[in-house]
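# Structure at a glance
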Amino acid sequence: MPNQKGKEEKPWNDLHGPNLAYILEQYEIYSKNPESVDSTLKSLFEEWGSPITSENKQPKIESGIDVRKVISAEKLVQYIRTYGHLSANINPLTKNQHSLPNHGEYGLNEEDLNQIPAELIWTGLSDNIRTALDVIQHLQTIYTESLAYEFSHVHNQEEREWLYSVVESRQFLTDLTTENRSDILKRLIEVDEFEKFLQRTFTGQKRFSIEGVDMLVPMIDELIRASSQVGVRHVMMGMAHRGRLNVLAHILGKPYEKIFSEFHHSTNKEVVPSEGSMGINYGWTGDVKYHLGGNRDIDGSNSVRTRVTLANNPSHLEFVDPVVEGFTRAVQEDRTNPGYPQLDTSKAIALLIHGDAAFPGEGVVAETLNLSQLTGYRTGGTIHIIANNQLGFTTDHSDSRSTTYSSDLAKGFEIPIVHVNADDPEACLAAIRLACEYRTRFQKDFLIDLIGYRRFGHNEMDDPTVTQPLMYEIIQKHPTIRTQYAEKLSEKWVDATEIKTWEANIKETLQSAHEKMKEETDNQTEYHSETGLNLPTEINTGVTIESLKAINHALLERPKSFNAYPKLERTLSRRISLLDEEEKVDWALAETLAFATILSEGTAIRFTGQDTERGTFAHRHLVLHDSKTGKTFSPLHSIPQAKAAFGIHNSPLSETSVLGFEYGYNFFAPNTLTLWEAQYGDFANAGQVIIDQFLSAGRAKWRQNSSLVMLLPHGYEGQGPEHSSARLERYLQLAAENNVVIANLSSAAQYFHLLRRQAAMTGKEEARPLILMAPKSLIRSKRTVSPSVELETGSFQAIKEETGLGKKSDQVKRLILCSGKIAIDLSTELEAMSPKQKKWLHILRVEQLYPFPKKEIQSIMNRYKHLEEVVWVQEEPKNMGAWTFMESRIRETVSDQVSIRYIGRPDRSSPATGKSNVHDVEQQRILTDALHHKS
């Protein structure tokens, strides 16, 4: 029952203006459905009843003003703010037919609105706005011009109110000088003449013209200028091929003559394809001109030198997005001190330029947006620009998205959205200024939907009138933005003859560059030798036992206030006795000691994955949780031996964006050992585009080195088709020109040395990705435990011989080659066999599958003069695993008198059986066939 206290005690007695209007509106909603309002308001209404007092059923905010009229006016204000974009002039090709509702639809007339003071419905300040009518007219103008805004989905009240305030006060719409306007026009002339020159000179060749969203270049100029003013030293850019050549020429400063040479057909087509961008030689194949990136240093107005980087990008459009985010984070972090890296998001900014069909269409966009506020991935806000052609390749937006705008996906991440007409240069630059100010203030993403068109087809050889005849009838008659803006300036600010002089000058510059290119006798083919592609033969990765023991003890030190989980602490404490007393190292300890020793040598580490802090198989525990407070602590942050940062983060449930991010991070932090771990190796194929286009081919296409480590849990243990195979065969298929290292290990010591070898190669020319088939059950297997002495005196071995076999070389008839878990299974099976049963066998564990260790295998084979057959044994189906890769290489290694045979599962369409008992039978058959004479 409502409280009967006196009127003076009611909580809304002191409310007025929009606040009182809001309470009245909420009470009206509450009256219809009490559950539909906030619980706090519901409690107030239950306790105090209606905000309208019994003495005044028609409350007046001021004498003669009806509160209900104020509420209606406030609703109209909110409608304009929320839906004004639907009536805005943001499409350069069509006039908007959607009109805002008039005040009559809200039960208001002009007299009503003139009686309401502006401050009752609007908090802005302006000498010219005194009444509610003034407010409505002001907002109708602002929200329906060539800039349109969507902010209502931003839940943070401070951010939302700031956005509305800045937009409605027009703070970011700075007055441009004649010089400013002239600079814009000059830039547009450069952009337009460049495209026209390419069209005339290289008719029919692809260039993916920028025409229709020409303002993209001046907008990037403005973003660089605004960023440098607040001290940003790196602008990291990602974009697809639309407009890329123009951006390379005018933002990155790539010489016109170099771009022209990439269009020019080489006289030696065997060396350089007509559409190739660079020369081809071993390990360097190049890429087409509209995929290439670049970088450039630009001096800012406040003496800050800003480096602009455009990432290389394949035709897979948006997949460069997480890569650029990784670039950005790498530059922002200081990894020189122990603990987590120190993040300074003011150092760098990411700019991602999207396609209007790709932004809602490719899932990697949503995955990347999801990274924006995560501790391990945030970069302090990315500026997104959708270069909106209003068209896919030939697909209308009605067939490519289910939303009103291509930008609507961003609403789910509460990213402010501005739509801008690409034919309004000054509005485009204003949008950039607003985006940069928001990013600086709130450290969050901002999106600009640059709505333009595509003057030609998807590429210049395509005729778009076949599929979009009505649109292209309009486009063919539509004047370019350069023409429109020149006419505008010639009316008031710039003489038409001066404009013609600017046009003539750029035409002359372009022609001169072309003549210079033709005069060059060198066709500018770039050759790159194989130098540096081979793995170093010797890297000392051993660590003294004394150092390992000291580190192992330090790893168990805890802050006095830390409440360790007793059960886990007992497990970790066993590592002391394992190393000190038993002089052994298991898989988890080998990994931790490898990381600790790498840090002790001053190499920073970044390690991420979906459950990386604990480990999918509960073995790692590199981040501990206080059992009482939940606070975290990493022993690798506090050991006295550490001399560099250790960044470890659980990742979101994503492979594509996280793997792309780590690839980008590693490229811009080449001296950091960067690792990504799949929850199960089976799931890594969700990131296949990153693996195919960047990780394996980046060096050949773009000279983009990487030392990223991929840990992919792999092994057949009866767990079904999706928890058995990391698809080893796919990585081996991608292996060529020494582009990657692929390994499948069988001991803790091997893992220790391989990690340390990888760390030693970071930042060097020979660095390349390491793809490791990581263990699952073998993590706790006694058969993978290594003597501690192997960590001190040993090093990584590409081939390991089975102990106890092959001693009498004249008796060995069968040589088994295998890799990973099956090697342990074979070793286990051997124990039940008598010496007589084993004397005809020898087993080589191929720990490094690629680069293929041919010399090492040959050296061992040469000992066995009576060898009759070499057998490759694997647990994967025949059409999977390493067999198809290994067969030809084994044949090249052995003599013709020795037969080559396969033992494993037959060809299968699914990687593994879902029945554990069937798995056991299959596995035993493989072991029996491998270790026993044919009957």
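Source: prediction; values computed, not measured. (Residues numbered from 1 in each chain as written. Predicted model: local features only at pLDDT ≥ 70, side-chain atom pairs only at ≥ 80, totals over all residues. Heavy atoms only, no water.)

### Digging into the overall build of the chain
Summing up its helical and strand segments, the chain has 32 helices and 26 strands in all. Here the C-alpha coordinates of the chain stretch approximately 110 × 85 × 50 Å along the principal axes. Approximately 39,100 Å² of the chain is accessible, and the part contributed by carbon and sulfur atoms is 47%. Each charge class in the chain can be summarised by its mean position, and for the 103 positive and 125 negative side chains these summaries are 7 Å apart. (Helix = DSSP H or I, 4+ residues; strand = E, 2+ residues; numbered from the N terminus. Areas by Shrake-Rupley, 256 points an atom, 1.4 Å probe, with all protein chains shown as cover. Lys, Arg positive; Asp, Glu negative; His and termini not counted. Charge placed at Lys NZ, Arg CZ, Asp CG, Glu CD.)

### Considerations on the sheet that holds strand β25 (residues 869-877)
Sheet strands pair by backbone hydrogen bonding; their relative direction is either parallel or antiparallel. Spatially, five strands are ordered β21-β23-β22-β25-β26 in an open sheet, and the strand pairing comes out mixed. At either margin of the open sheet sits one strand with a lone partner, and together these are β21 (799-801) and β26 (899-905). For this sheet, the mean angle separating the axes of adjacent strands, direction not counted, is 25 degrees. Alignment of strand β22 (residues 814-818) against β25, held across four bridges, turns out to be parallel. (Pairing = 2+ DSSP bridges. Axes fitted to C-alpha atoms, helices over the stretch in contact; angles between N-to-C directions.)

### Here's the deal with the environment of S910
Its location among the elements puts S910 in the loop between β26 and α32 (916-931). Exposure remark for S910: the relative accessible area of 32% places this residue in the partly exposed category. A sequence separation of 188 residues divides S910 from E722, and the C-alpha atoms of the two residues are 9.2 Å apart. Once you skip the residues sitting within four places of it in the chain, S910 turns out to touch P721, P877 and M880. (Buried < 20%, exposed > 50% of the residue type's maximum accessible area, 1.4 Å probe, protein only. Contact = heavy atoms within 4.5 Å.)

### Notes on the packing of aromatic side chains
All told, the structure shown has 29 aromatic pairs when counted by the stated rule. The structure contains a cluster of three or more aromatic residues connected by ring pairs, namely F194, F197, F202, Y256, F260 and F263. For R181, the ring lying beneath its charged end belongs to W493, and the centroid distance is 4.2 Å. Positioned over the ring face of F885 is R889, at 3.7 Å from the centre of the ring. (Phe/Tyr/Trp six-rings, centres within 6.5 Å; stacked < 30°, edge-to-face > 60°. Lys NZ or Arg CZ within 6 Å of the ring centre and 35° of its normal.)

### Describing the environment of M236
Tracing the sequence through the fold places M236 in strand β2 (residues 234-239). Owing to a relative accessible area of 0%, M236 belongs among the buried residues under this scheme. Each C-alpha atom of the pair M236 and V324 lies 6.3 Å from the other, and the pair is 88 residues apart in sequence.

### Considerations on the pairing of β2
Most of β2 is tucked away, with six of its six residues classed as buried. Where burial is concerned, the two faces of β2 agree: the one with H234, M236 and G238 and the one with V235, M237 and M239 are both buried. With four bridges joining them, β2 and strand β4 (residues 305-310) adopt parallel strand pairing. Bridging across to β4, M237 finds its partner in L310. The pairing of β2 with strand β7 (residues 348-355) spans six bridges and is classified as parallel. By the bridge assignment, V235 is partnered in β7 with I349.

### Details of the side chain of H637
Residue placement: H637 occurs in helix α21 (residues 635-638). Owing to a relative accessible area of 18%, H637 belongs among the buried residues under this scheme. At a separation of 2.7 Å, a polar atom in the side chain of H637 contacts the main-chain carbonyl oxygen of F646. Ignoring any residue separated from it by four or fewer positions in sequence, one finds H637 in contact with P338, G339, Y340 and F646. (Polar contact = N/O pair within 3.5 Å; in protein donor to acceptor, adjacent residues only side chain to side chain.)

### Topic: the sheet that holds strand β24 (residues 848-850)
Overall, mixed pairing links the seven strands, which are arranged β15-β12-β16-β17-β19-β18-β24 in an open sheet. A strand with exactly one partner marks an edge of an open sheet, and here the two such strands are β15 (646-650) and β24. Across the sheet, the axes of successive neighbouring strands diverge by a mean angle of 20 degrees, strand direction being ignored. Strand direction decides the pairing type here: strand β17 (residues 709-713) and strand β19 (residues 770-774), joined by five bridges, are parallel. Looking at β19, one finds that L711 is bridged to L772. Helix-sheet contacts for helix α22 (residues 656-668) involve β12 (605-609), β16 (673-677) and β17, and the interaxial angle to β16 is about 175 degrees.

### Points about the UniProt feature "domain: Transketolase-like pyrimidine-binding" (unreviewed entry) in the chain
In the numbering adopted here, UniProt assigns the feature "domain: Transketolase-like pyrimidine-binding" (unreviewed entry) to residues 585-781. Helix makes up 33% of residues 585-781 and strand 17%, with an end-to-end C-alpha separation of 11 Å. (UniProt positions renumbered as here; feature names shortened; annotations may be inferred.)

### Considering the packing of helix α28 (residues 821-830) against α32
Running from amino to carboxyl end, α28 crosses α32 at an angle of 70 degrees, the nearest separation of the two axes being 10 Å. Relative to α32, the element α28 lies roughly perpendicular. Crossing angle aside, the handedness with which α28 passes α32 is right-handed. Taking contact as the criterion, the partners of K821, I822, D825, L826, E829 and L830 in α28 are, on α32, Q923, Q924, I926, L927, A930 and L931. Classifying every residue of the contact of α28 with α32 by side-chain character gives seven nonpolar, two polar and three charged. (Parallel < 35°, antiparallel > 145°, perpendicular 65-115°, else oblique. Left-handed = near helix turned anticlockwise from the far one by under 90°. Nonpolar A, V, L, I, M, F, W, Y, C, P; charged D, E, K, R; others polar.)

### Observations concerning the side chain of T913
Its place among the elements puts T913 in the loop between β26 and α32. When its relative accessible area of 18% is taken as the criterion, T913 is described as buried. A distance of 3.1 Å separates the side chain of T913 from the backbone nitrogen of K915, its partner in a polar contact. Sequence-distant contacts of T913, that is, excluding residues within four places in its chain, are made with G720, P721, V918, H919 and E922.

### Quick look at the domain arrangement of the chain
On domain assignment, one finds that the chain holds domain 1 (17-48), domain 2 (71-169), domain 3 (174-262 + 285-335 + 347-380 + 492-516), domain 4 (545-793) and domain 5 (802-931). The distance between the C-alpha centroids of domain 1 and domain 3 comes to 50 Å. (Domains from an automatic or database assignment.)

### What about the nonpolar core?
Ranked by size, the top nonpolar core spans 102 residues in total, and within it I121, Y149, M237, F260 and L434 carry the most contacts. Counting residues per element, this core draws most heavily on helix α14 (residues 425-442), which supplies 11 residues. There are two domains that each give this core at least three residues, and those are domain 2 (71-169) and domain 3 (174-262 + 285-335 + 347-380 + 492-516). L352, F694, L708 and A882 belong to the second-largest nonpolar core, a separate cluster that totals 66 residues. (Core = buried A, V, L, I, M, F, W, Y, C linked by side-chain atoms within 4.5 Å.)

### Points about the pairing of β15
Strand residues, when the strand is regular, have side chains that alternate between the two faces of the sheet. Among the five residues in β15, four count as buried, and that is most of the element. Across five bridges, β12 lies against β15 in parallel orientation. Among the inter-strand pairings, F607 is bridged to a residue of β15, identified as I648.

### Structural notes on unusual backbone geometry
Looking along the chain, the bond that leaves Y850 and enters P851 is cis, with omega of -5 degrees. By the secondary structure assignment, P851 is in the loop between β24 and α30 (854-861). Within the chain, Q390 stands out as a residue other than glycine whose phi angle is a positive 60 degrees. Note on placement: Q390 falls in the loop between β8 (382-388) and β9 (417-421). Under the relative-accessibility criterion, Q390 is labelled buried at 15%.

### Brief notes about helix α19 (residues 566-580)
Compared with an ideal rise of 1.5 Å per residue, which puts 15 residues at 21 Å, α19 spans 22 Å between its outermost C-alpha atoms and is within 8% of the ideal. The complete set of buried residues in α19 reads L568, E569, L572, R575, I576, L578 and L579. Elements that come into contact with the buried residues of α19 comprise α18 (545-554), β11 (584-585), α20 (587-600) and β13 (624-625). (Expected span 1.5 Å × (residues − 1).)

### Here's the deal with the pattern of salt bridges
By the definition in use, this model includes 42 salt bridges. The salt bridge partner of E729 is R727, with a shortest N-O separation of 3.6 Å. A residue is classified by how much of its surface remains accessible, and E729, at 13% relative accessible area, is buried. Salt bridges sharing partners connect three or more residues here, namely D192, E193, K196, R482 and E503. (Salt bridge = Lys/Arg side-chain N within 4 Å of Asp/Glu carboxyl O.)

### A word on helix α26 (residues 748-761)
Taking 1.5 Å as the rise per residue, α26 with 14 residues should run 20 Å; its terminal C-alpha atoms sit 20 Å apart, in good agreement. Most of α26 sits out of view: 13 of its 14 residues are buried. Positive phi shows up at G763, right after α26, with a value of about 80 degrees.

### Notes on the packing of α18 against α19
When two helices pack together, you describe them by how their axes are tilted relative to each other and by the distance separating the axes. Two elements in contact, α18 and α19, have axes whose closest approach is 9 Å; the angle formed by their N-to-C orientations is 165 degrees. Accordingly, the angle class assigned to the pair α18 and α19 is roughly antiparallel. Taken as a pair, α18 and α19 cross one another with a handedness that is left-handed. Of the residues in α19, those touching α18 at L548, K549, N552 and H553 are R575, I576, L579 and D580. Partitioned by chemical class, the residues of the contact of α18 with α19 number three nonpolar, two polar and three charged.

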